Amino acid sequence: MCRGRPCVPPLKYRQEAFMKINNIQINGFGKLKDKTLKLENGINLIYGSNEAGKSTLVNFIKAMFYGVNKNKAGSTFSELERFKPWGDADFSGKIEYEIDGVNFSATRDFNRNNCKVYNIAGEDITNNFNKDKSRGAEIGIEQLKIDEDTFVNTIFVSQDNV
């Protein structure tokens, strides 16, 4: 530890970033509605019975950083259709996170393909990010320096991999 923080070289000297998710607010995403989750330091274990929404939570986190795909790409439903909230909930959410000790928050309205990113001072920094036409601001690619597949395959440990 370096002064109470992980010893991580400055981002300009490396390709990856140290990220910590602090808070998750789900207004509506799949079966999840009006859920708030505060994550603690260290490893957070999310568990529950079958169909409790664990996989939906994982997909929400991914969607916050990479957006939802509107294309079916050979599937019966697109991600947008698959994760539309059940009922009348607002298809949106917020995530608060830090990268290399710098705090950010992001909000997404999935119906409108609208994403806003704010720095610690509350300034809208969304224009600093490339915007994909079908998914919105590419937060994950630009801040974490990894694509969506790499994020999914390295960040989350699914039940199948335990």
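In this convention, every chain numbers its residues from 1, walking through the sequence in written order. Totals for whole chains, interfaces and linings use every residue, but because this is a predicted model, local features are given only for residues with pLDDT of at least 70 and side-chain atom pairs only at 80 or more, for both listing and counting. Computation of side-chain values: all heavy atoms of the structure, hydrogens and water removed.

What follows concerns the sheet that holds strand β2 (residues 32-38). When DSSP finds two or more bridges between a pair of strands, those strands are recorded as paired. A run of H or I in DSSP counts as a helix once it spans at least four residues, and a run of E counts as a strand once it spans at least two, with each numbered from the N terminus. One open sheet accounts for five strands, arranged β2-β1-β3-β4-β5; its pairing is antiparallel. Strands with a single pairing partner mark the edges of an open sheet, and in this sheet they are β2 and β5 (114-119). With direction set aside, neighbouring strand axes in the sheet form an average angle of 15 degrees. Taken together, the seven bridges between strand β1 (residues 19-29) and strand β3 (residues 92-99) define a ladder with antiparallel strand orientation. Paired with M19 across the two strands is I99, which belongs to β3. The strands touched by helix α1 (residues 54-66) within the sheet are β1, β2, β3 and β4 (102-109), with β1 carrying the most contacts at an inclination of about 105 degrees. Axis lines are fitted through C-alpha atoms, for helices just across the contact stretch, and the angle between N-to-C directions can take any value from 0 to 180 degrees. Residues count as neighbours in contact if any of their non-hydrogen atoms are within 4.5 Å of one another.

Turning next to the side chain of R108. Position of R108 relative to the elements: it lies in strand β4. The side chain of R108 is buried and forms no salt bridge, while D132, the nearest opposite charge, is found at 8.4 Å. Looking at R108, its side chain comes within polar contact range of the main-chain oxygen of A63, at 3.1 Å. Remark: exposure states derive from per-residue accessible area (1.4 Å probe, protein chains only) relative to the maximum for the residue type, with buried under 20%, exposed over 50%, and partly exposed in between. Lys and Arg are tallied as positive, Asp and Glu as negative. Neither His nor the chain termini are counted. What makes a salt bridge here is a side-chain nitrogen of Lys or Arg within 4 Å of a carboxyl oxygen of Asp or Glu, nothing more. Side-chain atoms alone can form a polar contact between residues adjacent in sequence; in general such a contact is a pair of N or O atoms within 3.5 Å, and within protein one must be able to donate a hydrogen while the other accepts it.

Another aspect to go through is the layout of surface pockets. A pocket here means an open set of points on a 1 Å grid, computed over the protein atoms alone, that has protein on both sides within 12 Å along at least five of seven lines. A cavity is instead a set of points where a 1.4 Å probe fits but cannot get out; residues with an atom within 4 Å of a point line either one. Grid points are joined across faces, edges and corners, and a volume is the space filled by probe spheres set on the points. Of the pockets and cavities examined, the second largest pocket occupies roughly 210 Å³. Taken together, I24, I26, L32, K35, T36, L37, I46, Y47, A52, G53, K54 and L57 make up the full set of residues lining the second largest pocket. Elements that contribute at least two residues to the lining of the second largest pocket include exactly β1, β2 and α1. The classification used treats Ala, Val, Leu, Ile, Met, Phe, Trp, Tyr, Cys and Pro as nonpolar, Asp, Glu, Lys and Arg as charged, and all other residues, Gly among them, as polar. Of the residues that constitute the lining of the second largest pocket, the class distribution is eight nonpolar, two polar and two charged.

Planes of paired rings set the category: under 30 degrees apart is stacked, over 60 is edge-to-face and the rest tilted, where pairs are Phe, Tyr or Trp rings (Trp by its six-membered ring) whose centres lie within 6.5 Å. Across all of its chains, the model carries 10 aromatic pairs by this definition. Considering the side-chain rings of F60 and F110, the 6.4 Å spacing of their centres and the 75 degrees angle between planes classify their relative orientation as edge-to-face. With a gap of 50 residues between them, F60 in helix α1 and F110 in the loop between β4 and β5 connect regions that are remote in the sequence. On the numbers, 5.7 Å between centres and 25 degrees between planes, the contact of Y97 with F104 is stacked. Residue classification places Y97 among the buried residues on the basis of a relative accessible area of 0%. Taking the relative accessible area as the measure of exposure, F104 reaches 15% and is therefore buried. Put simply, the rings of F29, F60, F83, F91 and F110 pair up and form one aromatic cluster.

Another point: empty space enclosed by the protein. Scanning all chains against the criterion turns up one cavity of 30 Å³ or more. Around the largest cavity sit V68, K70, L80, R108, D109, F110, N113, N114, S134 and R135, which together line it. When the residues that make up the lining of the largest cavity are grouped by side-chain class, the tally is three nonpolar, three polar and four charged.

Another point: the packing of α1 against helix α4 (residues 148-155). The contact between α1 and α4 brings their axes to 11 Å, and the two run at 145 degrees. Like other packed secondary-structure pairs, α1 and α4 cross with a definite hand, here right-handed. Residues I61, K62, F65 and Y66 of α1 form the contact with α4, whose participating residues are E148, F151 and V152. Tallied by class, the residues present in the contact of α1 with α4 amount to five nonpolar, no polar and two charged. Helix crossings fall into two classes, left-handed where the near helix is turned counterclockwise from the far one by less than a right angle and right-handed where it is turned clockwise.

Since the α-helix turns once every 3.6 residues, residues separated by three or four places project in the same direction. Here a helix's expected span is defined as the number of its residues, less one, multiplied by 1.5 Å. Helix length check: α1 (13 residues) gives 18 Å between terminal C-alpha atoms against 18 Å at 1.5 Å per residue, within 8%. Within the span of α1, buried status applies to T56, L57, N59, F60, I61, K62, A63, M64, F65 and Y66. With its phi angle positive at about 80 degrees, G67 sits one or two positions after the end of α1.

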